[in-house]
Every structure is written in C-alpha cells, then in structure tokens.
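# What the coordinates show
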Amino acid sequence: METVKVLIVEDKSVVAEDLKLCLQDYGYVTLGICSNGHDAITMADELSPDILLMDININGSIDGVETVRQITSKNTMPVIYLTAYSDSVTVDRAKATHPAAYLVKPFDPIDLKIAIDIAIENFQEYRNGEEVSGVPHSIPIINDSFFIKQGESYHKVPFSNILYVEADGSYTKIHTTQGTMTLSMNMKGVLSNLPPIFLKVHRSFIVNLRMVDKFDRNNLYVGEVAIPVSNSNKDILTEKFLKIS
C-alpha cells in the first residue's frame, strides 16, 4: 500500500510542525504546509494530496471552508477540518463541504490517525464506485462520536455511550446508554469505525470493554445482558482486559 500523502493548511507554525511530526510518527508523508488559502489551492492542484488537513481560521482573504470549496471543485479528496471553532454557524458551513471529519482542537493524535485511516479507506472505495459496507459513505464521525441517521436527521452517539453492538441480518443495532439505534451497515463496517476499546467477541457482538461489569470464560455481562464470547476470542479478550486494567 502506498504511503498516505497529506497537505497541511495551518497558519500557526508551531501547530503545523506538531502536526507534521505527528503524521510522521504514524507513517504518513507531509507534502507541504500552507498558511493561507491561495497557496493551499495552488499546492493541492500541483501535488494531488491523498488527504487535506484544513484549519478554518487561516491567513489571507479566504478562510479554510472557502479554500476547501475551491479545492474540491477541481480535485476530489477527503478533507479533515482541524479547528478551535465549534459554533453552529462554522460547523454548518463546514458540513456543506462534506468533510470526512471535523476535529476540534485540542484533539488526541490517535483521533487524527483514526480519522485519516477511515477517510482514506472509505474515499478509495467510494472513488472506485464501490459502496462502503452497504452505504455510499461510512458513518460520519466528529471527534469521539458517530452521527447516525435515524429518519431524516442525524443523532450524535458518543463512543463512550455505546454499550455493545449487535448484528441483525444486514443491519446492526447500536445499544447505548440512551437506547438502541439501527444502522444500515454490517458488523465489519461498524467495527472499522470504532476505536480499539471495542472488541468483536462473537460473530454477532462487538462490546465496549469499558462497559463490561463482569466476565467469565463464556460470557461478558453488560448490566444484566449476557453476551457470548466465542472460543477464538477468549485469549484476545483476556489480553485486552489486562491492557486496560
């Protein structure tokens, strides 16, 4: 697999260099760093990055959202916004450009890595005309939450609120502390979007290990719900619990 090439658009040099080092640690290549929208548009056109990391409040006459709009009108690529701005007006403007993720500063570097990996994988499949796990796009993720469509609206589901995930034919049930939601995506697709604290313990179940109240060799217990553990996952389960204990 080719190394992922990233273009950083960030007007604070210290932040930009920290991002570059973070990307380097995870094995990505930084094609360049821009501090304004016009340079970013030129570099994106010349270098064809795999992914764009875009701050919203940048130097110059156009901000990050307008920069993304102009770049993606000519060059299709996934975009991750990195910004200190999370007000509704800014978020709505950013959403209109269909970003892969919107990370609010300060964020955990592992969240950035996960966002990049998911964005690249889903974009490659979508670009090739394939569906991702049964839907054209993967689950929208903003920071540490899913946004799951139920009816005509998207509902925020923080990873920390998910108890366990259950297969239901070609659908998946997301059991949370607030209730159960149904997602038109299979288990494999859901698991690929979840952080490492989630473990597939059975062909029909993924569990948030931080929500487990007790376990034995055959079952996990989330509250009063007993979740079976397949033989192939018992050793992995023990290892996972040792790591988080």
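Placed above this text is the structure.
Residues numbered from 1 in each chain as written. Predicted model: local features only at pLDDT ≥ 70, side-chain atom pairs only at ≥ 80, totals over all residues. Heavy atoms only, no water.

Once that is clear, we can look at the sheet that holds strand S14 (residues 214–215). Two orientations exist for strands paired in a sheet by backbone hydrogen bonds: parallel and antiparallel. Taken in spatial order, the three strands of this open sheet run S14-S15-S16, and their pairing is antiparallel. The open sheet has two edge strands with one neighbour each: S14 and strand S16 (225–228). (Pairing = 2+ DSSP bridges. Helix = DSSP H or I, 4+ residues; strand = E, 2+ residues; numbered from the N terminus.)

Looking now at the pattern of salt bridges. If the charged atoms of two oppositely charged side chains come close together, the side chains can form a pair. Counting across every chain of the model gives seven salt bridges. Of the charged contacts, one joins Asp63 and Arg93 as a salt bridge, the two residues approaching to 2.7 Å between their closest N and O atoms. Remark: Arg93 occurs in helix H4 (residues 88–95) and Asp63 occurs in the loop between strand S3 (51–54) and helix H3 (64–72); sequence separation between them is 30 residues. (Salt bridge = Lys/Arg side-chain N within 4 Å of Asp/Glu carboxyl O.)

All right, on to the packing of aromatic side chains then. All chains considered together, the criterion is met by three aromatic pairs. When the ring of Tyr81 is compared with that of Tyr102, the centres are 6.1 Å apart and the planes differ by 55°; the resulting orientation is tilted. Here the residue Tyr81 occupies a position in strand S4 (residues 79–83), and Tyr102 occupies one in strand S5 (residues 101–104), the gap between them amounting to 21 residues. The burial state of Tyr81 is the same as that of Tyr102; both residues are buried. Each ring, one from Tyr164 and one from Phe205, has its centre 6.2 Å from the other, and the planes form 50°; the classification is tilted. Highlighted residues: Tyr164 in strand S9 (residues 162–168) and Phe205 in strand S13 (residues 205–208), separated in sequence by 41 residues. Sitting over the ring of Tyr221, Lys214 keeps its end group 4.9 Å from the ring centre. (Phe/Tyr/Trp six-rings, centres within 6.5 Å; stacked < 30°, edge-to-face > 60°. Buried < 20%, exposed > 50% of the residue type's maximum accessible area, 1.4 Å probe, protein only. Lys NZ or Arg CZ within 6 Å of the ring centre and 35° of its normal.)

One open sheet accounts for five strands, arranged S11-S10-S9-S13-S12; its pairing is antiparallel. This sheet does not close on itself; its edge strands, each paired only once, are strand S11 (179–183) and strand S12 (198–202). The mean inter-strand angle of the sheet, taken between neighbouring strand axes irrespective of direction, is 20°. Two strands pair when backbone bridges link them, and S12 and S13 are joined in this way by four bridges, in the antiparallel orientation. Note on S13: the bridge partner recorded for His202 is Phe205. (Axes fitted to C-alpha atoms, helices over the stretch in contact; angles between N-to-C directions.)

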